[in-house]
Structures are given as C-alpha cells and as structure tokens.
Amino acid sequence: MQVRGEGYSVAYDPATATVTFQGTLRLRGAAEYAPIVQLLDEVVAAAPETITLNLAALRFLNSAGINVLFKFVIKVREQGDSQVLVRASSQVPWQGKSLKNLQRLMPALRLELE
Amino acid sequence: MQKKFGDFVEPNHTDQECLIIHFSPTSLPLQQRWRTSGLSADFLAEYWTTFFPAHDVPSRNKQIEIKGSINYIANELLENVMKFSYRPADLPVSLGLYLYQDAFRFYAGNAIDPQTLDEFRNFVQQLLTRDLDELYIQQVKHNVEDESGDSSRLGLLMMLNDYDARLAWKFEPASQDSDVIVVTTMVQLAL
C-alpha cells in the first residue's frame, strides 16, 4: 500500500507492520489527506501487534498532517488491538517538538527519537 | 475601532531587518495558490539562516532549529491567511518577518469574514486566558469529530505549546470608511 504525491510518499510494509513517511507533507485539509487516512485506516484494521510509524525522513508536516497522526493514534487506542511505535529523528526539529503530544493521547505509545 | 488581544507590538519597518510578502488572493484559485505557502515558508526559512551562520556544532544546531521553527510558523500562518481571507473584500494577504535582537516577529494579515469574526475573537481570548494543555487536548478531540478537517486552531496551539511562541492579534478596519475588518496575527519566537 502506498500513497505518493508531489514531494512525499507514505508506504506500508505489511511484513514489518511499518508505515514509512518521506518528504514534506503540506496538504490542504481532510480531503487531500484522505488517501493517507485511508491507508492508515487499513493498517489499523489489519490489527498487527505493533504498528510502527517511521517518520525520520519526513522533513515537514503541517498542522493538518499532525491532525491525521492524532486521529490515527486515537483510532488505534480505541480499537485496542495494537501497540504503536514511532521512530523519529532528533535532527528534524518539528519531530522533537511535536511528536511527544501523541503520547498525551496514548500514553503507552513508544517514541524513539534517534 | 482597533482592538488588540495579547501583547501586540507594532512592527518597526525602518530599523529592523525584515522581509514582507504580499499575495493578491483573487488572482489564482486557492488550489494553485496553496503551493505558494510552502514555497514561501521554505524560502523564508532558508533566507533567515543568512543571519545565523553555522561555524561549529552549537551554531549549526541553532541554525537548524531556527530554520525549522520559521518554516513551521510561516507555513501555518500563510495557510491560515489563504484559507480565511475574506474574498469579497478583495484585499491582499501578507506575511512579514522581522528580526529583533532577541526574537523574530511574524505578522500575518488578512481581511476576515464578518460572520466568523466574533467566534474567532472568542477563540483568541481563550488562547490567551485558558490552560493551554487543556485547550490542546480539547482541540484534538474536537478535530476527531469534525469532518471538515480544519486544523488551523490546532496549528496556533502548536505554536504556543511546541514552539513556545507568543501570540497576539490586532483587529482594525481596512481603512477609515471601511466596514471590512482586517486581522493581523503576531507570532513572537524567542531566539
């Protein structure tokens, strides 16, 4: 499963239950993020033991995109079947600043900032 | 009638290093213009690194951090002015960035829809007076329910919460005889 656009890609590897985000995401609101939301919904529905979000190569994410991540985490938490691991980079400033908020919504979420 | 919320400081055009971009909102459809906010934010972020050269690890880290913060804040402000500019007023939107000794100040201006003015002012008042953590979680939960997917309020909360920015607003008529209200959002980012 993959979503590609100008300057970004979001790809799911079922073998490792990992969603990898690359590039810059500055889409305009719910309608434009819908394909990515759909991909994430399918991952949640597959209910792997741990879902890994690999964000280290995502250089920029606007608030609409952070919103998508928040909604995803809430869905996973409510479904109750999967844990979440977020791999991020300390070299990408927004990640160190904003991703810890995901843990406010799902305290068991693991955030690895390398 | 001019109304200020928060600690709004008027921009200083004469003595400060500044860069101001004006967009005419009616010349292109929003979809094509959307791309310009990212382009502009990238340009602004890169431009201001000129004043923060990297010659060792600490200064390099500082440059990366400033660039990331300018990129996020400028992008968010531009997305907001593009989204919320009141088109019937036919006024340009603008983003100005000023460098002071201890801070950057961003000023984003747009005409505002009179129908949403009161609600927006109430929100601004909440941002300045309520507990931010509580507001943040409340907004995230609200966004989950809200299919329209407007994240602009979350974007402002993230500036306050994640970037330790200070926000202020000025509401004023577009001109002396005008009924149209223009809002200027000021974001102060400490250096």
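Residues numbered from 1 in each chain as written. Chains lettered and ligands numbered in written order. Predicted model: local features only at pLDDT ≥ 70, side-chain atom pairs only at ≥ 80, totals over all residues. Heavy atoms only, no water.

Student: It is not clear to me how unusual backbone geometry should be interpreted in this structure. Could you clarify?
Tutor: If a residue is not glycine, its phi is most likely negative; likewise, a peptide bond is most likely trans. Residues and elements named next belong to chain A. The backbone of alanine 17 shows a phi angle near 50°, a positive value even though the residue is not glycine. If you trace the backbone, alanine 17 turns up in the loop between β2 (8–13) and β3 (18–25). Phi at alanine 47 is positive, roughly 50°, even though this residue is not glycine. Counting through the fold element by element, alanine 47 comes out in the loop between α1 (29–46) and β4 (50–61). Under the relative-accessibility criterion, alanine 47 is labelled partly exposed at 28%. (Helix = DSSP H or I, 4+ residues; strand = E, 2+ residues; numbered from the N terminus. Buried < 20%, exposed > 50% of the residue type's maximum accessible area, 1.4 Å probe, protein only.)

Student: Quick question: what am I supposed to make of the environment of Ile74(A) here?
Tutor: Counting through the fold element by element, Ile74(A) comes out in helix α2 (residues 63–79). Of the residues examined, Ile74(A) reaches a relative accessible area of 7% and is grouped as buried. Measuring from C-alpha to C-alpha, the distance between Ile74(A) and Leu105(A) comes to 6.6 Å, with 31 residues separating the pair along the chain. Excluding residues that lie within four positions of it along the chain, Ile74(A) makes contacts with Leu105(A), Val140(B) and Val144(B). (Contact = heavy atoms within 4.5 Å.)

Student: I tried to follow the environment of Val44(A) on my own but got confused; where do I start?
Tutor: Residue and element names in this part refer to chain A. Assignment of secondary structure puts valine 44 in helix α1. For the pair valine 44 and glutamine 79, spaced 35 residues apart in sequence, the C-alpha to C-alpha distance is 8.0 Å. In this structure, valine 44 is in contact with Ile51, Phe72, Lys75, Val76 and Gln79, ignoring residues within four places of it in sequence.

Student: Explain the interface of chain A and chain B here, please?
Tutor: When the parts of a complex come together, some accessible area is lost, and that lost area is often used as the size of the interface. Each partner contributes to the interface: chain A provides 25 residues, whereas chain B provides 33 residues. Note that Arg26(A) is salt-bridged to Asp42(B), the shortest N-O span being 2.7 Å. Between the two partners, chain A and chain B, sit 18 residue pairs in polar contact (both at pLDDT 80 or more). Those elements giving two or more residues to the side of chain A that touches chain B turn out to be α1, β4, α2, α3 (93–98) and α4 (102–105) of chain A. Among the elements that make up the side of chain A that touches chain B, the one with the highest residue count is α2(A) (seven residues). Here the side of chain A that touches chain B is built from residues that sort into 11 nonpolar, seven polar and seven charged. (Salt bridge = Lys/Arg side-chain N within 4 Å of Asp/Glu carboxyl O. Polar contact = N/O pair within 3.5 Å; in protein donor to acceptor, adjacent residues only side chain to side chain. Nonpolar A, V, L, I, M, F, W, Y, C, P; charged D, E, K, R; others polar.)

Nothing here speaks to function; it is all geometry.
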